[in-house]
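Fold and geometry: a report
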Amino acid sequence: MEIPLKQPKKKIEELYRTMVRIRACEESFVDPILNGDICCPVHLYSGEEAIAAGVCAALDRSDYVFGTHRSHGHYLAKGGDMKEMVAEIFCREKGCSRGRGGSMHLISPQVGMMGSAPIVAGTISLALGAALASSIRKDKRVTVSFFGDGATGEGVLYESLNFAALKKLPLLLVCENNLYSTHLPIKECRVDNGIYKIAQPFGIPSLQIDGNDVLRVYSAAGDAVDRCRRGKGPVFLECLTYRYRGHVGPDDNIQGSHTDIRPPEEVKSWLKKDPIKRLERYIVRNKVLTRERLRKIRNEEGAQVEEAFTFTHKSPKPIKREFKKYVFKN
Ligand SMILES: Cc1ncc(C[n+]2csc(CCOP(=O)(O)OP(=O)(O)O)c2C)c(N)n1
Ligand SMILES: [Mg+2]
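A brief report on the enclosed structure follows.

What counts and how
- Residues numbered from 1 in each chain as written.
- Chains lettered and ligands numbered in written order.
- Predicted model: local features only at pLDDT ≥ 70, side-chain atom pairs only at ≥ 80, totals over all residues.
- Heavy atoms only, no water.
- 1 Å grid on protein atoms, 1.4 Å probe; cavity = no way out; pocket = protein on both sides within 12 Å on 5 of 7 lines; lining within 4 Å.
- Points joined across faces, edges and corners; volume = space filled by probe spheres on them.
- Helix = DSSP H or I, 4+ residues; strand = E, 2+ residues; numbered from the N terminus.
- Nonpolar A, V, L, I, M, F, W, Y, C, P; charged D, E, K, R; others polar.
- Donors = N, O, S within 2.8 Å, 3.2 Å for Na, K, Ca; no water.
- Buried < 20%, exposed > 50% of the residue type's maximum accessible area, 1.4 Å probe, protein only.
- Contact = heavy atoms within 4.5 Å.

1. Thoughts on the layout of surface pockets
Approximately 330 Å³ is the volume found for the largest pocket. Lining the largest pocket are 26 residues, and of these His 69, Val 120, Gly 148, Asp 149 and Gly 150 sit closest to its centre. Of all the secondary structure elements, the ones that give two or more residues to the lining of the largest pocket are strand E3 (143-148) and strand E5 (180-181). With 3 residues, E3 is the single largest residue contributor to the lining of the largest pocket. A breakdown of the residues in the lining of the largest pocket according to their chemical character gives 10 nonpolar, 11 polar and 5 charged. In this structure, the second largest pocket spans a volume of roughly 240 Å³. Lining the second largest pocket are 15 residues, and of these Glu 14, Cys 56, Ala 77, Lys 78 and Gly 79 lie nearest its centre.

2. Looking at the coordination of the magnesium ion (ligand 2)
The reference angle at a metal is 109.5 degrees if four donors form a tetrahedron and 90 or 180 degrees if six donors form an octahedron. Around the magnesium ion (ligand 2), the protein supplies Asp 149 (OD), Asn 178 (OD1) and Tyr 180 (O) as donor atoms, at distances of 2.1 to 2.2 Å. Considered as a linear motif, the donors of the magnesium ion (ligand 2) on their single chain read D-x28-N-x1-Y. Residue Asp 149 is found in the loop between E3 and helix H7 (155-166), and its partner Asn 178 is found in the loop between strand E4 (171-177) and E5; the two are separated by 29 residues along the sequence. Taken individually, Asp 149 and Asn 178 each receive the classification buried, so the pair is uniform in this respect.

3. Quick word on the environment of Val 144
Mapped onto the elements of the fold, Val 144 is located in strand E3. With relative accessibility at 0%, the residue Val 144 sits in the buried group. Taking the C-alpha atoms as reference points, Val 144 and Phe 66, separated by 78 residues in sequence, lie 6.3 Å from one another. In contact with Val 144, other than residues within four places in its own chain, are Val 55, Leu 59, Tyr 64, Val 65, Phe 66, Ala 127, Leu 172 and Val 174.

As structure tokens, then:
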């Protein structure tokens, strides 16, 4: 007997393609970071792709997303232009922030990627504001606030939970719990590991899910987005995951010195739960797509990355006297 697929084939292919696109892009930055061609701090998202891919696949183009310091995946999954992202990371004039922002300042309002910023928890209140605006305008848009487990140490998260619940705002709070905040294991800074529980005193529906299972993320995000759109108020999703690379840079320090304190056994055990390999196994087992089709998708996405690098290297760097050109003046 055939087991029905969890999602339509087209959706599964889209989820796979998005994750592959993010991974291909992330890994292409490793060498340029190590040899100094990329000068800004870069927080790679490899290993966590299922969260951005699954959540953003449940959104409409007009919905809003706010990111963090580790936001390449959010930007790409929401439909941001890869060329402009790569150019930004290389600090080029054609980057999405005109080369003034680097890896941690990604923005593409035309697709609803409203911005990322390095201040831990700094964008949660901005997402809250966007959700409040949608609620006042009755435009049916949903806002997603992505943040890491580290943001649970910041008061603004709790203030935002209260206000969002009070006003029943269309806000989906997505905590990407990768078990570490820089080099601090979550066990050393939280009394209780169940982050999802922090939303309970505010009456916000919340759950903890496997953030490396893209089908699970997509389905949980779909339910949450639906609830937000119906005006029922915010939802909190804690997605358990793990980063494959260092906190910043490929091997934990910008120029590659090895400072990762995570136990090698722990890293190894998470590599076995790779979100892309996991979906591949599901696809092949259930004959959703052929191995050949999967290879084609990987090649196509690899080619996109190459194109983005060519575009970037043709783009000039901002000239010194224009550094402040886009600074807001009242
Ligand atoms: C308000 C603030 N405090 C401290 C920092 C330094 N800092 C940068 S990233 C980070 C850890 C963030 O951890 P988490 O939120 O779990 O995200 P992850 O890096 O694990 O994705 C810290 C403490 C900062 N950027 N902002
Ligand atoms: Mg973390």
